[in-house]
Structures are given as C-alpha cells and as structure tokens.
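Working through the structure, step by step
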Amino acid sequence: MNQWAMICAILLTSGPTAAETFEFTGTAESVDTQSQLYEERHQVTGICSDAGFQPLEHTVSYHKGPDDRRFAVKTLEYGKHPSRPSVVFRQPDFDESLEIRLTDSNQLTIDWQPPSENRKRFQVIYSNRLVIDAGFDQFVRANWQAVTAGESLPFRFLAPTRGDHYGFVLEPAPDAAIDADVVIQIRPTSVVLRFLVDPIILGYNQNGALTHYQGLTNIRANQETNHTALIRYRISQHPGCDLTS
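These notes cover the structure that comes with them. Since this is a predicted model, take the numbers as computed values, not measurements.

**Brief notes about the pattern of salt bridges**
- Applying the stated criterion across every chain, the model contains 14 salt bridges.
- Between D68 and R41 there is a salt bridge, and its shortest N-O distance comes to 2.6 Å. With D68 in the loop between β3 (52–64) and β4 (69–77) and R41 in strand β2 (residues 36–49), the pair connects residues that are 27 residues apart, well separated along the chain.
- A relative accessible area of 29% places R41 in the partly exposed class.
- Each of E39, R41, D68 and R234 takes part in salt bridges that share partners, so that together they form one network.

**Remarks on the nonpolar core**
- The biggest cluster of nonpolar side chains holds 53 residues, and the ones touching the most others in it are L108, F136, L170, L202 and Y204.
- In terms of residue count, the dominant contributor to this core is strand β10 (residues 153–159) (four residues).
- When sequence neighbours within four positions are dropped, the list of residues in contact with L170 reads F139, V140, V147, E151, S152, L153, F155, I184, Q185 and I186.
- Ranked by size, the runner-up nonpolar core spans five residues in total, among them A173, V183, I201 and L230.

**With respect to helix α2 (residues 135–142)**
- For α2, a buried count of seven out of eight residues is recorded, marking the element as mostly surrounded by other parts of the structure.
- Turning to α2, its buried residues are G135, F136, D137, Q138, F139, V140 and R141.

**Examining the state of the cysteines**
- Per the counting criterion, the structure on display carries one disulfide.
- A sulfur-sulfur separation of 2.1 Å characterises the disulfide bridge that pairs C48 with C241. Judged by the sign of its S-S torsion, about -85°, the cystine formed by C48 and C241 is left-handed. Taken together, the positions of C48 in strand β2 and C241 in the segment after β15 (226–237) put the pair 193 residues apart, joining distant regions of the chain.
- The buried category is assigned to C241, whose relative accessible area is 15%.

**Focus on empty space enclosed by the protein**
- For the structure shown, the criterion picks out two cavities of 30 Å³ or more.
- Of the pockets and cavities examined, the largest cavity occupies roughly 50 Å³.
- Lining the largest cavity are F22, F24, V44, F53, H58, Y78, D137, Q138 and R141.
- Mapped by element, the contributors of at least two residues to the lining of the largest cavity are β1 (20–30), β3 and α2.

**Observations concerning the pairing of strand β11 (residues 164–172)**
- Alignment of β10 against β11, held across seven bridges, turns out to be antiparallel. When the sheet's bridge partners are listed, R156 is paired in β11 with G167.
- Linking β10 back to β11 in an antiparallel pair, the connection comprises four residues, with G163 at a positive phi of about 65°.

Cut-offs and rules
- Residues numbered from 1 in each chain as written.
- Predicted model: local features only at pLDDT ≥ 70, side-chain atom pairs only at ≥ 80, totals over all residues.
- Heavy atoms only, no water.
- Salt bridge = Lys/Arg side-chain N within 4 Å of Asp/Glu carboxyl O.
- Helix = DSSP H or I, 4+ residues; strand = E, 2+ residues; numbered from the N terminus.
- Buried < 20%, exposed > 50% of the residue type's maximum accessible area, 1.4 Å probe, protein only.
- Core = buried A, V, L, I, M, F, W, Y, C linked by side-chain atoms within 4.5 Å.
- Contact = heavy atoms within 4.5 Å.
- Disulfide = S-S within 2.5 Å.
- 1 Å grid on protein atoms, 1.4 Å probe; cavity = no way out; pocket = protein on both sides within 12 Å on 5 of 7 lines; lining within 4 Å.
- Points joined across faces, edges and corners; volume = space filled by probe spheres on them.
- Pairing = 2+ DSSP bridges.

Purely spatial values, then, with no claim about function.
Structure, rendered in structure tokens:
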C-alpha cells in the first residue's frame, strides 16, 4: 500500500484525525554580500501516520524591512505524491504570479505572469520521477535512508518559467561550508546545464528537518534576476510525530 492509500485508509477507518502543524522560519542573506534580504515564514499542516508526518497544505509568507512588510506569498497543496505539490505564488512588487496545477496522472499546467511581459501558459507531460518546487524537501524525506547512506538519487526537476523539466541528481555535497548533520546538493546532470546552473546546497538535521538552503531562490532582486541566498531555518513548532518514517 502506498503512503497516500495508507493515509486515506486511516482517515476512513479511524474517524476524525487531528491535524498537526509544522512551523519554521528562514532568514535569507545574500551569498555575495552577506546582507540580510528577507524572512520567510512557513506553516505546514498535515497528519501523522506510520510513514511519519504527511503534509497536506503549506503556506509561506515573505517579509522584509523594518516594518516587516509582507511582499510575497506562496501556497502549496500536497496530494497523493507530496514531491509534486500544486503551487500558487504571488510577488506583487513585480506584478508576478505563478500557478502550477496537476490536471491528471501525467500532465500539469503552468500559468506564469512575468514582470512587464505577456502571460505565458504551458502544458507539461511528466513521469513519476518529477519533483516540483518545495517538493524537493518531501523527496529528501521520502528517501531519507538512502540520503543518509550517501547514495545518489536521480530525478526530474520542474523549471516552470521554461515550461519543461530537466534531469537532476541528489547526492552528498563535496566540501560544503554548511554546518549541518546531513549536507547534500542538487545539481543538473546535463553537462551544458552544469555551466549555467550552480548546485543547490541543502543542510538537514538528524531528524530530517531542513536547516540550510543555499542557491537560487524564487524571490526577485530585480525584473531580470532572482536572489541567490543562504537561508538558515529554525523550527518554532514541530509536529507530534517524526518527519521521516
């Protein structure tokens, strides 16, 4: 029985299931200047099962400045495949929005309003190896034993603004300067993309909680480029079960 079928069985046979909440905050600083850029506040609701914490909904609000202004928001909904959530992202400062919707078992739609450009829409065919947005976090936890054993895991990662997905690998990070219990990286498998896209470095604690993210973000520095940041996370509320099985 897969994890989603198990969750449905629990809900159907056990009556009402109490929702669990996982809350954490990330402080982002520029990789180049080490100056603080913004803060992101995460709230994930889900349920506990034998497979660990199963996320259902995830909200991220982005704040900056002395007035703690919220300048962007993202919501994710996790279905039966938590590594492929639907996503709605709004960044009003740049009149930018992005929506990713899964329409059936192997197709998704992307609706992107870029800054100062015409709206772009894509339909994308994918396989069960696809990972979307923050679904990388669920992908790591679903493969936690392999990750902590130092194995390399290939997958496809969605590039929504290009309307396509590309081959990546999750693997131990060589000589990373991040102080975490487990340090891994996500890098493209294509030789060409390796020259264009730097690896994303991830740090986790021994319980499977994300502690560090270093790489390109979805937050804009200007109309042409996004911030590259080091984000440090701290947990304010842990769910009542393990994050991994």
